[in-house]
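# A closer look at the structure
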Amino acid sequence: MKILHTDVLVIGGGLAGLRTAIGARRRGLDVSILSLVPPKRSHSAAAQGGMQASLANAVKGYGDNEDVHFADTVRGSDWGADQDVVRMFVHMAPKAVRELAHWGVPWNRVQGGKHNVIINGQPVTLEESEAAHGLITARNFGGTAKWRTCYVADGTGHSMLYNVSDQAIAANIPVLERTEAMALIHDGQRCYGAIVRNLMTGELFAHTANATCIATGGFGRIYRISTNAVINEGMGAAIALETGVATLGNMEAVQFHPTGIFPAGILVTEGCRGDGGLLLDGDGHRFMPDYEPEKAELASRDVVARHMEYHIKQGKGARSRFGEHLWLDIRLLGEQHINHKLREVKEICQYFLGINPVHELIPVRPAQHYSMGGIRTDAHGQSPQLQGLFACGEAACWDMHGFNRLGGNSVAETVVAGMIVGESIADYCLSEAGQGMIDTALVKRFLQQEQDALDGICKSKGTEKASELIKQMQTLMTDYVGIYRDGTNLQTAVSELKSLLERSERVGLQSSAPGVNPELVMAYRLPRMLKLALCVAQGALNRTESRGAHTRLDYPQRDDSQWLKRTLASWPLGASSPTLNYEPIDIMKMELPPGWRGYGKKDFIPHPDADTRQQQVDAIHRKTQNRFERQQALLPFHHLLPEKFHQNNARFQENSEGESP
């Protein structure tokens, strides 16, 4: 029995996992990382548009601060977010972007003087302050009151990932590439590491640790059309679910990005619209102002995606041999802008569509993009049910995004959560709770269980094919658990997914080769993907309201009186379906009580305590002198952060009271 041991085991080699590992390593801990692919090939590299941080350097960002970012994020979440976590995040984001600049990320910078830009389809001249020349600039993104998204052309994730990966290399953090965590080792109360499979040799071994962090990204590949990489099958969330102890939060909250290229579904950044691109229908009509006159293309992602699908259903789509779609027009931005700030978008269009977006329209249609749900954690990133298990990034339900995330917030979350969770893990490992012996008999039992399961698949005489069952699952999720949902379709999805889960036990293989064997990998991942799909579908069926990206045609209103609560999904050992419980969101602790998001009709069912809490908030606003004092009175959060992160962020136009001229 091969056993490796480190103080900290990080599962996932993307931005969140790398930054967590760096944080723990800086505290003197022995850290190792498991990754399906070399870290610089992680899906984090696909992030194009940028990361949000309230620097307020660019002229269209003047007056921005943590309070504005906080309000945008909470409204964007449709009041599903944990406001403590949102406060931590908006406080940390400027620190994170500046740390990345120090590490070498070449953020686009403010250029003093006059510049021509496109805003709302019209050419506008902006004049940037010479005093801000050389500071990190920002572009416009959907759902924000200010221009806040820091960017590196349209290769932000790529640049961030390479720099953070280089920092991990400099810190001598080993990465076990092409390895997969198959199960978490635990005793029902505490996690002790994972059973790991070498994807090249097929060898199983145990990697024990005092603390384990899952940072494996999302589960978009349970859908047919997704902007996610093919490795984003949700295995980190799945192995946590299969403990029977840890819970997943808000799995029904699935975001669809408005501009996946059609029909491939590959993402073209929100920066296209933020920089001035327009959405057109089959007649060449710009339709978004008809639905959202104020924000138009830059309404929140869930809102834009819904309006796009509705417009297509009204017969306004463009038709092709692949089906109906809409158009994204970035021609008005000009060749120089596209070549310098949207060059990756141009290459995607040329390679996958055979078009030049400088002169031609881009066919687009909403595609599954992001998972707001994931492993439920507390504000420190630790599972409340399984001590020693942490999660961060898209794999976690921290819960910063609630039922819809704003563009640029997830890229920022990877490094912000990594900074915070890395410190939390170090605190845990250095405490008495993080010490103790690991039972080798327990480790051996888990290793044998996984070996027996793999042997059972290889020896099976079953006639079902994993590839066919995965296609059926993806079709069910796309057709019945997509942008628009209703009780009948959701019930169908739940029933048929249960049938697929039962059939997955009868999968047979054409090859039982122990080493590189994609068919075997597909076979053992299949039931786990189906369990995640069932958590999504069952959660959506139970939630009889519309909130953020979860839209029920039969329950069109957001219902704060009944559903201001977080879904918690667990999977008891031996069960055929998930168990759902609910975690109330305490309205009386909210800094920003539920209200109108700023989109569409003011149509929601209020919480009975909403007015009471709003009156309390208004009273605090009247009594306090500046925004720092006000915020502390409303929602203290510094105690949740390590002391070294407590200092207020500086802005070149802001005084010590946090006020801008």
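Presented here is a report on the structure given in the accompanying data block. Here the structure is a predicted model, which is why all the values come from computation and not from measurement.

Secondary structure assignment for the chain yields 18 helices and 25 strands. For 661 residues, the compact-globule formula gives about 26 Å, and the C-alpha radius of gyration of the chain, at 24 Å, lands near that figure. Along the longest, intermediate and shortest principal axes, the C-alpha atoms of the chain span 70 × 60 × 50 Å. Considering only contacts in the chain between residues 6 or more positions apart, those separated by 24 or more positions represent 73%.

With that settled, the discussion passes to the packing of aromatic side chains. Using the criterion set out here, one finds six aromatic pairs in the structure. Seen in terms of ring centroids, Phe287 and Tyr291 are 6.4 Å apart; in terms of plane orientation they differ by 80°. Their pairing is edge-to-face. A relative accessible area of 0% means that Phe287 is categorised as buried. One aromatic cluster in this structure is built from Phe287, Tyr291 and Tyr310. For Arg139, the ring lying beneath its charged end belongs to Tyr151, and the centroid distance is 4.0 Å.

This part covers the pattern of salt bridges. With the rule as written, the count across this model stands at 47 salt bridges. For Asp67, the salt bridge is made with Arg627, and the minimal N-O distance between the two is 3.9 Å. Remark: Arg627 occurs in helix 18 (residues 627-634) and Asp67 occurs in helix 2 (residues 66-76); sequence separation between them is 560 residues. Judged by its relative accessible area of 8%, Arg627 falls in the buried class.

Our focus in this paragraph is the nonpolar core. Of all hydrophobic cores here, the largest spans 80 residues; its most connected members are Ile214, Met473 and Leu497. Per-element tally for this core: the top contributor is helix 15 (residues 518-542), with 15 residues. Leaving out residues up to four positions away in the same chain, Leu497 has contacts with Met473, Leu476, Met477, Leu530, Ala533, Leu534 and Ala537. Cys213, Val411, Val416 and Leu564 belong to the second-largest nonpolar core, a separate cluster that totals 73 residues.

Below, the discussion takes up the pairing of strand 23 (residues 565-570). Where burial is concerned, most of strand 23 is hidden: five out of the six residues are buried. As defined by bridge partners, strand 23 adjoins strand 24 (residues 579-584) across six bridges and the pair is classed as antiparallel. What sits directly across from Lys565, in strand 24, is Pro584.

What follows deals with the environment of Asp586. Considering the arrangement of structural elements, one finds Asp586 in the loop between strand 24 and strand 25 (604-605). Taking the C-alpha atoms as reference points, Asp586 and Leu564, separated by 22 residues in sequence, lie 8.3 Å from one another.

Attention shifts here to the state of the cysteines. Counting across every chain of the model gives zero disulfides. No disulfide involves Cys191; its nearest neighbouring cysteine sulfur is the one of Cys213, lying 11 Å away. You can call Cys191 buried: its relative accessible area is 0%. Free cysteine: Cys349, not disulfide-bonded; nearest cysteine sulfur from Cys272 at 7.5 Å. A relative accessible area of 0% means that Cys349 is categorised as buried.

Below, the discussion takes up the sheet that holds strand 11 (residues 248-249). If you walk across this open sheet you meet the five strands as 19-17-11-23-24, and the pairing is mixed. Each having just a single partner strand, strand 19 (396-397) and strand 24 make up the two edges of the open sheet. Of the strand pairs in this sheet, strand 17 (residues 374-376) and strand 19 are connected by two bridges, and their pairing is parallel. Bridge pairing in strand 19 links Ile375 to Ala396. Those strands touched by helix 15 are strand 11, strand 23 and strand 24, and its axis lies near 60° from that of strand 24.

The terminal C-alpha atoms of helix 14 (residues 487-503), which comprises 17 residues, lie 24 Å apart, in line with the 24 Å expected from a rise of 1.5 Å per residue. Those residues of helix 14 lying buried are Gly487, Leu490, Ala493, Val494, Leu497, Leu500 and Leu501. Down the axis of helix 14, the smallest arc covering the buried residues is 150°, so these residues share one side. In this structure, the buried side of helix 14 is in contact with helix 13 (466-480), strand 20 (484-485), helix 15 and strand 21 (551-552). N-cap assignment for helix 14: the residue whose side-chain oxygen lies 3.1 Å from the backbone N of Thr488 is Asp486.

This part covers helix 4 (residues 156-170). Along its 15 residues, helix 4 runs 21 Å from first to last C-alpha, staying within 8% of the 21 Å computed at 1.5 Å per residue. Within the sequence span of helix 4, burial applies to Thr156, Gly157, Ser159, Met160, Leu161, Asn163, Val164, Ser165 and Ala168. Here the buried face of helix 4 lies against helix 1 (15-26), strand 3 (51-52), helix 3 (83-103), strand 6 (149-150) and helix 11 (409-429). Just downstream of helix 4, Asn172 is the residue with a positive phi angle, here 60°.

Quick look at unusual backbone geometry now. Looking along the chain, the bond that leaves Phe262 and enters Pro263 is cis, with omega of 10°. On the secondary structure map, Pro263 appears in the loop between strand 12 (254-261) and helix 6 (271-274). Residue Asp399 is reached from Trp398 by a cis peptide bond, and omega for that bond is 25°. Along the polypeptide, Asp399 turns up in the loop between strand 19 and helix 11. Here Ala153, not a glycine, exhibits a phi torsion of approximately 50°, which is positive. One can find Ala153 in the loop between strand 6 and helix 4. Using a relative accessible area of 4% as the deciding quantity, one classes Ala153 as buried.

The rules behind these values
- Residues numbered from 1 in each chain as written.
- Predicted model: local features only at pLDDT ≥ 70, side-chain atom pairs only at ≥ 80, totals over all residues.
- Heavy atoms only, no water.
- Helix = DSSP H or I, 4+ residues; strand = E, 2+ residues; numbered from the N terminus.
- Rg over C-alpha atoms; globule rule 2.2 N^0.38 Å.
- Contact = heavy atoms within 4.5 Å.
- Phe/Tyr/Trp six-rings, centres within 6.5 Å; stacked < 30°, edge-to-face > 60°.
- Buried < 20%, exposed > 50% of the residue type's maximum accessible area, 1.4 Å probe, protein only.
- Lys NZ or Arg CZ within 6 Å of the ring centre and 35° of its normal.
- Salt bridge = Lys/Arg side-chain N within 4 Å of Asp/Glu carboxyl O.
- Core = buried A, V, L, I, M, F, W, Y, C linked by side-chain atoms within 4.5 Å.
- Pairing = 2+ DSSP bridges.
- Disulfide = S-S within 2.5 Å.
- Axes fitted to C-alpha atoms, helices over the stretch in contact; angles between N-to-C directions.
- Expected span 1.5 Å × (residues − 1).
- Arc of directions from axis to C-beta.
- Polar contact = N/O pair within 3.5 Å; in protein donor to acceptor, adjacent residues only side chain to side chain.

In short, shape yes, function no, at least from these values alone.
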